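An overview of the molecular structure
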Amino acid sequence: MADMINNEEILKTDALTLGKLIKSGELTSVQVTSAFMDAIRAKDPVINSYITISDAALDEAALIDEKIKKGELTGTFAGVPVAVKDNICTKGMLTSCASRMLSNFIPPYDATVVSKIKEEGMVILGKTNMDEFAMGSTTETSYYGPTVNPCGENRVPGGSSGGSAAAVAADLAPIALGSDTGGSIRQPASFCGVTGLKPTYGTVSRYGLVAFASSLDQIGPIGKTALDCAAMFNLISGIDERDESSAESRKVDVEAVKDFDVKGKKIGIPNEYFGEGIDADVKARVMEAVKYFEDNGAAVETFEMPIVEYAIPTYYIIACAEACSNLSRYDGVKYGYRPEGVDNLMDLYIKSRSEGFGMEVKRRIMLGNFVLSSGYYDAYYNKALQAKALIKKAFDEAFARYDVVIGPVAPTTALKAGESLSDPLKMYLGDICTVLINIVGLPAISVPCGNDGEGLPVGMQIIGKHFDEETILGFAANFQKGGRS
Ligand code: GLN
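If you're wondering where the values come from, they're calculated on a predicted model, not measured in any experiment.

Looking only at helices and strands, the protein features 17 helices and eleven strands. Relative to the globule expectation of 23 Å for 485 residues, the C-alpha radius of gyration of the protein, 21 Å, shows essentially globular dimensions. Each of the three principal axes of the protein carries a C-alpha extent, and together these read 70 × 60 × 45 Å. Every one of the 485 residues in the protein was classed for burial, and the buried ones make up 60%. Considering only contacts in the protein between residues 6 or more positions apart, those separated by 24 or more positions represent 75%. Within the structure as shown, the protein displays about 18500 Å² of accessible surface, and the carbon and sulfur contribution to it stands at 53%.

In structure tokens:
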């Protein structure tokens, strides 16, 4: 049987199936890992989805094969390779956050999610490219150069987890971890035509995730299918005493997700998610997907959510405020980039931060310090917190009536490379559909739902109640089972 599965097929296979084939002995972890390593070597020089490619992956796979044979590793994903975003700490392996500032940072410890995937017996293929410190929507602000979208010539893969999404889309990893502060799992998944889950805030430990905006950051999976994301969520979630904001979560019943029936479920469609600025093709594909659910017995209703108007300012004020204090630790003293030839302490601070950070990171630090300054705190930061309370109220009201809320992931499909670097405001506006979800900590999934006129993937966003990953994964799996993508 093993001979019947060639490398080409391995690369196209979803992570859960690879896990089953390894468990049954039809494939070995070494076979699977080397197929991906060869593909990475052949294709990644162009795609640039990885910052670091592991040189230990094959040795690890061999050890894991031994343990599987002895019955010491029996998990769903034992032996399956995985890619990890470069803002998630990996012991002994560069974790650069795609920044010059951390271009020499080798963490002495693993993030909790990394410990979990290692205990499961997954093989880390490498660390994926991203926008510097996860600030951006295009993966163009990386110190290591931009990632290319495998789905469209000269298109960005989205961001900030653009490397993770592109790696899965280009068959350079069966599954990957990303992080989502304002859309960074969902939007690149949408631009690259793969599935990405942003879990409920607190369900996945942030210990070892380099902080951008701590009240918004959340780690989650990017995979080929909703079922892969469901199983990966089960693996990485769980309470962690090393993360003060971590919460006990319900594990998802993967079988229930597989057989999920949308009949009788209620879908809310916020009109504002389909308003001005949303591409006609995006609107059409998402509405066709909603129609599919309706044809299968779900009840669909539109509703008003005027608070969407405040999504972008609220998010950017909160995110920048938290970022500027989180990033104050990079001062050239304890770790990270340290310039040559400094004369005194102040010089060290100024030079290390001026030379270590890129433009977008500096812009956010300045914005954050501005909104927190004593003269403007009430006008901006306090206002944003008030808006946050109103956003929460709007979603509470919606979820009193609906099981899920559905809209697009982004107003457009993948942008042309270079388009948004010169116009950051335009880039910020592209986050309109995703940022509200982080502000109130809800779970949401990005599911491919067809293409636009140019053949670029469109993503549908399914938003759920707190801790109800199972329902949004169920909707997504139901859609994918119907042969839709
Ligand atoms: N695009 C958003 C930003 O630039 C989201 C980033 C993220 O989720 N990490 O802040």
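Remark on secondary structure: sheet strands pair via backbone hydrogen bonds, oriented parallel or antiparallel. Strands sit in the order E1-E3-E2-E4-E6-E5-E10-E11-E9-E7-E8 across an open sheet of eleven strands; the sheet is mixed. Pairing within the sheet leaves two strands with one partner each, and these edge strands are strand E1 (50-53) and strand E8 (299-303). Neighbour-to-neighbour, the strand axes of this sheet turn through a mean angle of 30°, independent of strand direction. Alignment of strand E2 (residues 81-85) against strand E4 (residues 175-180), held across two bridges, turns out to be parallel.

Moving on, we come to the site of the ligand. Residues in contact with the ligand amount to 15 residues; listed here are only the nearest, Thr181, Gly182, Ser184, Tyr315 and Arg364. Within the backbone of Gly182, one N or O atom sits 2.6 Å away from an oxygen atom of the ligand. In the environment of the ligand, an oxygen atom lies 2.6 Å from a nitrogen or oxygen atom belonging to the side chain of Ser184. Considered class by class, the residues forming the shell around the ligand number five nonpolar, seven polar and three charged.

With 25 residues, helix H14 (residues 377-401) extends 36 Å from end C-alpha to end C-alpha; this agrees with the ideal 36 Å at 1.5 Å per step. Where H14 bends most, at Lys383, the angle is about 25°. Within the span of H14, buried status applies to Tyr381, Ala384, Ala387, Ile391, Ala394, Phe395, Ala398 and Phe399. Looking at the packing, one finds that the buried side of H14 touches E8, helix H11 (311-326), helix H13 (359-372), strand E9 (404-408), helix H16 (435-439) and strand E11 (457-463).

Next up on the list: the side chain of Thr200. Among the structural elements, Thr200 can be located in the loop between strand E5 (195-198) and strand E6 (218-223). For Thr200, a relative accessible area of 1% gives the class buried. Side-chain polar atoms of Thr200 contact the side chain of Glu469, separated by 2.7 Å.

All right, on to the packing of helix H5 (residues 112-120) against helix H8 (residues 226-236) then. One way to put it is that H5 packs onto H8 with a least axis distance of 9 Å and a crossing angle of 110°. Considering the angle they form, H5 stands roughly perpendicular to H8. In contact with Val113, Lys116, Ile117 and Glu120 of H5, H8 contributes Met232, Leu235 and Ile236. Here the contact of H5 with H8 is composed, by residue class, of five nonpolar, no polar and two charged.

What counts, and where the lines are drawn
- Throughout this description, residue numbers start from 1 for each chain and increase along the sequence as written.
- Thresholds applied to this predicted model are a pLDDT of at least 70 for local features of residues and 80 or more for the giving and counting of side-chain atom pairs; totals over whole chains, interfaces and linings are not thresholded and use all residues.
- Computation of side-chain values covers all heavy atoms of the structure but excludes hydrogens and water.
- A helix here means a DSSP run of H or I that spans at least four residues, while a strand means a run of E at least two residues long, and both kinds are numbered starting from the N terminus.
- C-alpha atoms define the radius of gyration in this analysis, and the globule rule sets the expected value at 2.2 Å times the number of residues to the power 0.38.
- Between buried and exposed lies partly exposed: a residue is buried under 20% and exposed over 50% of the maximum accessible area for its type, with that area taken using a 1.4 Å probe on protein chains only.
- The contact definition used throughout considers only heavy atoms, calling two residues in contact when any of these lie within 4.5 Å.
- Exposure was quantified through the Shrake-Rupley algorithm and a 1.4 Å probe, taking into account, for residues, occlusion by the shown protein chains and nothing else.
- For two strands to pair, DSSP has to find at least two bridges joining them.
- Orientation is described by axes fitted as lines to C-alpha atoms, over the contacting stretch for helices, and by angles from 0 to 180 degrees between their N-to-C directions.
- Throughout, near means a residue has at least one heavy atom within 4 Å of the molecule or strand.
- Polar contact is the term for a pair of N or O atoms within 3.5 Å; when the atoms are in protein, one must be able to donate a hydrogen and the other to accept it, and sequence-neighboring residues count only if both atoms are side-chain atoms.
- Polarity classes work like this: nonpolar for Ala, Val, Leu, Ile, Met, Phe, Trp, Tyr, Cys and Pro, charged for Asp, Glu, Lys and Arg, and polar for all others, with Gly in that last group.
- Here the expected length of a helix is defined as 1.5 Å per residue gap, with one fewer gap than residues.
- We define the bend at any residue as the angle between the axes fitted to the seven residues before and including it, ending there, and the seven starting there.
- When an angle is under 35 degrees it counts as roughly parallel; over 145 it counts as roughly antiparallel; between 65 and 115 it counts as roughly perpendicular; any other value is oblique.

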